Amino acid sequence: MHHARSHVAGRWYESAGLTRQPIFSPATGQSIGEVELIDAAGLDAALASAAEGFEVWRRKTGYERAALMREAVAILRSRKGDIARLMTLEQGKPLADAAGEIATSADNIEWMAEEATRAYGRLLVPRTTGIAQTVRREPIGPVAAFCPWNFPALTPARKIAGALAAGCSLILKPSEETPLTAAEVVRAFLDAGLPPHVLNLVYGAPRQVSEHLIGAEAIRKISFTGSTAVGKQLLGLAAQGVKRATMELGGHAPVIVFDDVDPVQAARQAVAAKFRNAGQVCTSPTRFYVQRGIYARFVDAFAEAASTLRVGDGLSPDTQMGPLANERRLEAMVSLTAATRADGGRLVCGGTPLEGAGYFFPPTVFADVPDSARIMNEEPFGPIVPIAPFDQVDEAIRRANRLPYGLAAYAMTRSLSRASLASEALEAGMVCINHFTVSTPSSPFGGVKESGYGSEGGVEGLDAYLVTKSVTQRSTGADLEA
Ligand SMILES: NC(=O)C1=CN([C@@H]2O[C@H](COP(=O)(O)OP(=O)(O)OC[C@H]3O[C@@H](n4cnc5c(N)ncnc54)[C@H](O)[C@@H]3O)[C@@H](O)[C@H]2O)C=CC1
Ligand SMILES: O=Cc1ccc(S(=O)(=O)O)cc1
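Criteria and cut-off values
Residues numbered from 1 in each chain as written. Chains lettered and ligands numbered in written order. Predicted model: local features only at pLDDT ≥ 70, side-chain atom pairs only at ≥ 80, totals over all residues. Heavy atoms only, no water. UniProt positions renumbered as here; feature names shortened; annotations may be inferred. Near = heavy atom within 4 Å. Polar contact = N/O pair within 3.5 Å; in protein donor to acceptor, adjacent residues only side chain to side chain. Areas by Shrake-Rupley, 256 points an atom, 1.4 Å probe, with all protein chains shown as cover. 1 Å grid on protein atoms, 1.4 Å probe; cavity = no way out; pocket = protein on both sides within 12 Å on 5 of 7 lines; lining within 4 Å. Sits in = over half its atoms within 2 Å of the grid points. Helix = DSSP H or I, 4+ residues; strand = E, 2+ residues; numbered from the N terminus. Nonpolar A, V, L, I, M, F, W, Y, C, P; charged D, E, K, R; others polar. Domains from an automatic or database assignment. Contact = heavy atoms within 4.5 Å. Points joined across faces, edges and corners; volume = space filled by probe spheres on them. Buried < 20%, exposed > 50% of the residue type's maximum accessible area, 1.4 Å probe, protein only. Buried area = accessible area lost by both parts, 1.4 Å probe. Salt bridge = Lys/Arg side-chain N within 4 Å of Asp/Glu carboxyl O.

Under an unreviewed UniProt entry, the name given to the protein chain is 4-(hydroxymethyl)benzenesulfonate dehydrogenase, and the source organism is Variovorax guangxiensis. According to its UniProt record, the protein chain has this under Sequence similarities (unreviewed entry): "Belongs to the aldehyde dehydrogenase family."

Written out as structure tokens, the structure is:
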């Protein structure tokens, strides 16, 4: 059995009477261990620790921070196989995807470590002699970072990387549903020699933890990845203390497939992206608008590729799509399938939960889904996909932009002018043309509209943890001489 507990002020946190919560394997529905939920005293200790850690870490040079981060990267890479197994066990995704996520996490930390040496300020040209004007970039302060369960390593890694590179300390609250992987990411930094107090790890009742931490004076910035609904609550709390926030919230990514592409190739490429992590990805290609000339062939090819995906336990090497991460998502898929049928969608494949233990739902494809359907408006966050035809280019763009979300958007075309039009007109923080890899370590990851604001990754991901100070210094003049 596995056991997860908070790590506060340089120690694994222990206290009598802490509530314990089971950790479930999504592949079996059975408990694989427990996570201890921190109490208020533990949160206060984490706050004091983060304040102390900030004073230590901000004084390190960018080169010292980078060296430590690179050491953590080496440790993560050396433990990739073991951590990936834990991730698959508690989250469900196929082992190869879990290993890929650890590799990507390491790449992100490595890239941000290099960026730690480039947090340049500016030297301004003064208007008066005897004046030196500089712009300094300084770490914002202790950060509270909240992560969900769909990317149990990458989301913590991105937040830790940006904060540490900038010189901030952190209190990280991963999802209590996938606590084991996040603990291993933190352990890599501790084993690399990160000074105590710089990175605190807490598991707890989410609302209690976020209210306690965001309301505390010590915390200067929050970073949250999760649903738009929870993001709005946390933003409200942050506003009370005028605290900076990075918000990576929900999405409902449109995919516009123009009639100049090969529908079979396009469908196969889209299937691999759509069912990655069983569709539980905020940037998942979600609503497909396919130009009428290739619509029928695209739907057929999509359904064929989707229905031949091998669904099973992520620990099995044959598995291409694992279970949903928790029972709530399975229930949500059953409900959304019924709603999409009732809303006029034509079921092409899937639609019924797989028999047996675990939270398995098959790749499910609906065609002819009207924009009024619930699934065209609510983030499905699972392996169900609605497809609809369109006729005119401007119609497709308008329908793609009609939701309050703006995280990722995709277009497939061989036409340069259509590609340029889509890049410009789609209201999203990330646009991909003819592929589905929305992010790399150097690219800013973030959304617009109700998908949030701020970015992780890229130079923007470092900037998110820095404040700007303008310093004007006059050389000592005769008037000040003793
Ligand atoms: N942007 C993303 O990557 C994610 C988006 N979601 C969205 O949320 C929907 C529902 O997901 P659920 O986990 O069932 O529900 P949820 O919205 O309650 O939770 C989402 C995440 O936020 C955390 N959370 C919830 N309340 C919190 C609070 N008061 N303070 C701090 N953290 C809090 C949870 O621990 C979880 O990790 C999904 O269908 C999807 O639309 C969920 C996970 C990740
Ligand atoms: O849901 C969050 C999320 C989405 C995408 C990626 S990736 O960069 O495409 O791996 C990671 C996390």
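Chemist: Before we go on, may I ask you to explain the site of ligand 1 in this structure?
Modeler: Contacts to ligand 1 come from 21 residues, most closely from W149, S210, S227, R328 and E379. A distance of 3.3 Å separates a nitrogen atom of ligand 1 from a polar backbone atom of P206. Burial of ligand 1 by the protein amounts to 84% of the accessible area it has alone, namely 780 Å². Among the cavities detected, the one that contains ligand 1 is the largest pocket. Of the residues forming the shell around ligand 1, the biggest block, three residues, is contributed by helix α7 (residues 206-214). Its residues assigned to classes, the shell around ligand 1 shows 11 nonpolar, five polar and five charged. When residues are assigned to domains, the shell around ligand 1 turns out to be shared by domain 1 (2-249 + 451-470) and domain 2 (253-433), each giving three or more.

Chemist: Could you clarify how one ought to interpret the environment of A367 in this entry?
Modeler: For A367, the location among the structural elements is in strand β16 (residues 364-367). Residues A367 and R127, 240 residues apart in the sequence, show an inter-C-alpha distance of 65 Å. Those residues in contact with A367 that sit more than four places away from it in its chain are Y295, V299, G345, R346, V348 and I387.

Chemist: Is there a simple way to explain the layout of surface pockets in this structure?
Modeler: Vacant regions in the atomic arrangement are exposed by a probe of water-molecule size rolled over the atoms. Roughly 870 Å³ of internal volume is contained in the largest pocket. Around the largest pocket, the lining is made up of 34 residues, and of these W149, F224, G226, S227 and V230 lie nearest the centre. Breaking the lining of the largest pocket down by element, the ones donating at least two residues are α7, β11 (221-225), α8 (228-240) and α11 (327-342). Ranked by residues supplied to the lining of the largest pocket, first place goes to α8 with six residues. Looking at the lining of the largest pocket, you find at least three residues from each of domain 1 (2-249 + 451-470) and domain 2 (253-433).

Chemist: So what exactly am I meant to see when it comes to the side chain of T178 here?
Modeler: With respect to the helices and strands, T178 occurs in the loop between β9 (170-173) and α6 (179-191). In this structure, T178 is in contact with E90, Q91, P148, W149 and P152, ignoring residues within four places of it in sequence.

Chemist: How should I be thinking about the environment of F366 in this particular structure?
Modeler: With respect to the secondary-structure elements, F366 resides in strand β16. F366 gets classed as buried once you look at its relative accessible area, which sits at 0%. Sequence separation between F366 and E456 is 90 residues, and the spatial gap between their C-alpha atoms is 33 Å. Sequence-distant contacts of F366, defined by excluding residues within four places in its chain, comprise T337, T340, R341, G345, R346, L347, V348, I384, V385, P386 and I387.

Chemist: In this structure, what is going on with the domain arrangement of the protein chain? I would like to understand it.
Modeler: Reports of interface size often rely on the accessible area that becomes lost once the parts have come together. Parsing the protein chain into structural domains produces domain 1 (2-249 + 451-470) and domain 2 (253-433). Relative to domain 2, the C-alpha centre of domain 1 lies at a distance of 31 Å. Every contact between the two is made by 22 residues of domain 1 and, on the other side, 27 residues of domain 2. A combined buried area of about 1900 Å² lies between domain 1 and domain 2, and 57% of that area is made up of carbon and sulfur atoms. Inspection of the region where domain 1 meets domain 2 yields one salt bridge. As a salt-bridge pair, E177 and R328 come within 2.7 Å of each other at their nearest N and O atoms. The interface formed by domain 1 and domain 2 contains eight residue pairs in polar contact (both at pLDDT 80 or more).

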